[in-house]
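Examining the three-dimensional arrangement
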Amino acid sequence: MTPPRGRTWGRRGQTPVIRVRGRSRRRTSVAALCCYKPGEKSRLIHRPRTHLLLKGARKSFSWKDYRDLLVRAHIQLDGPIVVVWDNLNTHLATELKRYEAEHDWLITVRLPPYAPDLNPVEAVWSLVRRAMANTAFDTPDDLDRTLRRELRRIQLRCHLIDGCLTATGLAINPPTPP
């Protein structure tokens, strides 16, 4: 049964199904860093990536993608960085750990397992999901455009990025001079 045009109801007891024209053979992943430095505006650095859904193709970020994001952050922030990683398996990759050990401008700290409430980036994803909720996208390009727009909106509002840190209950304590 197809609902009349403009209606959004489903038959009682059955989950409504929305049919989409054409099938997308791609997936979009996003990695992001919330950047905080005492006395400076907070920043959000993100990197969207499109993956083709081909047999045997990777469907998410690789350790090299995260390495490239760290290099980009290092260049943009123009100084050493401390990265607080969650326990995503890619963050724990041997190659990424080796890269971290080889570069003195990069210090890594690991969050305890199952602690998304301590990760400010989780609050960023919450803001993005809230802005995109209840939206049916016509095309994958439409989804990508909206995703990038929402991330850009957050980037331009450093108080939102500050709020993501505040939501964790953590604070940035600058080192005291000797």
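Within every chain, residues take consecutive numbers counted from 1 along the sequence as written. In keeping with the model being predicted, local features are shown solely for residues with a pLDDT of at least 70 and side-chain atom pairs are shown and tallied solely at 80 or more, while totals for entire chains, interfaces and linings include all residues. The side-chain figures draw on all heavy atoms in the structure; neither hydrogens nor water molecules are used.

1. Details of the pattern of salt bridges
Whenever Lys or Arg places a side-chain nitrogen within 4 Å of a carboxyl oxygen from Asp or Glu, that contact is recorded as a salt bridge. In total, this model carries 7 salt bridges according to the counting rule given. Salt-bridge contacts for R49 lead to D65; the nearest nitrogen and oxygen are separated by 2.9 Å. Taken together, the positions of R49 in strand 2 (residues 43-52) and D65 in helix 1 (residues 63-77) put the pair 16 residues apart, joining distant regions of the chain. Burial status follows relative accessibility: with a 1.4 Å probe on protein chains alone, a residue under 20% of its type maximum counts as buried, one over 50% as exposed, and anything between as partly exposed. Overall, R49 belongs to the partly exposed group, its relative accessible area being 32%. Connected through shared salt-bridge partners, R149, E150 and R153 make up one network. Only DSSP runs of H or I covering at least 4 residues are called helices, and only runs of E covering at least 2 are called strands; the numbering of each starts at the N terminus.

2. Some remarks on helix 2 (residues 94-102)
Taken as a whole, helix 2 has its buried residues at L96, Y99 and E100. In an axial view of helix 2, the angular spread of the buried residues amounts to 100 degrees, which keeps them on one side of the axis. Of the exposed residues in helix 2, the ones pointing more than 90 degrees away from its buried face are T94, A101 and E102. Between two residues, a contact is recorded if the distance between any of their heavy atoms is within 4.5 Å. Taken together, the buried residues of helix 2 touch helix 1, strand 3 (81-85) and strand 4 (106-110). The directions considered for the arc are those from the helix axis to the C-beta atoms.

3. Observations concerning the side chain of H91
Take H91: it is sitting in the loop between strand 3 and helix 2. On the accessibility criterion, H91 (6% relative accessible area) is buried. Residues adjacent in sequence count toward polar contacts only when both atoms are side-chain atoms; beyond that, a polar contact is any pair of N or O atoms within 3.5 Å, and within protein one must be able to donate a hydrogen and the other to accept it. A distance of 2.7 Å separates a polar atom in the side chain of H91 from a polar atom in the side chain of D86. With near-sequence residues (within four places) excluded, H91 lies in contact with Y66, W85, D86, L96 and R110.

4. Quick word on the packing of aromatic side chains
Two descriptors summarise a pair of aromatic rings, namely the distance from one centre to the other and the angle between the planes of the rings. Only the six-membered ring of Trp is used, alongside the rings of Phe and Tyr, when aromatic pairs are assigned; centres must lie within 6.5 Å, and planes under 30 degrees apart are stacked while those over 60 apart are edge-to-face, with the rest tilted. Throughout the structure, instances matching the rule amount to 3 aromatic pairs. Ring centres of Y66 and W85 lie 5.8 Å apart, and the angle between their planes is 90 degrees; on these two criteria the pair is classed as edge-to-face. Linking Y66 in helix 1 with W85 in strand 3, this pair joins segments that are 19 residues apart in sequence. Grouping residues by exposure puts Y66 and W85 together as buried.

5. A few points about the environment of V121
In this fold, V121 is placed in helix 3 (residues 120-132). A relative accessible area of 12% means that V121 is categorised as buried. Distance in space between the C-alpha atoms of V121 and D86 is 10.0 Å, their sequence separation being 35 residues. Sequence-distant contacts of V121, that is, excluding residues within four places in its chain, are made with A32, L33 and C34.

6. As for the confidence of the model for the protein
The predicted coordinates of low-pLDDT regions are not to be read in fine detail. Mean pLDDT over the protein works out to 85, with 85% of the residues at or above the 70 mark. Per residue, pLDDT measures the predictor's confidence, with a range of 0 to 100. Considering each helix and strand of the protein separately, the mean pLDDT is smallest for strand 2, with a value of 87, and largest for helix 2, with 95.

7. Examining helix 3
Compared with the 18 Å implied by 1.5 Å per residue over 13 residues, the 19 Å span of helix 3 between its first and last C-alpha is a close match. Summarising the contacts, the buried residues of helix 3 are in contact with strand 1 (26-35), strand 2, helix 4 (140-155) and helix 5 (158-168). Its side-chain oxygen 3.0 Å from the backbone nitrogen of V121, N119 forms the N-cap of helix 3. Note on helix 3: the residue one or two positions beyond its end, N134, has a positive phi of about 55 degrees. The span expected for a helix works out to 1.5 Å for each residue beyond the first.

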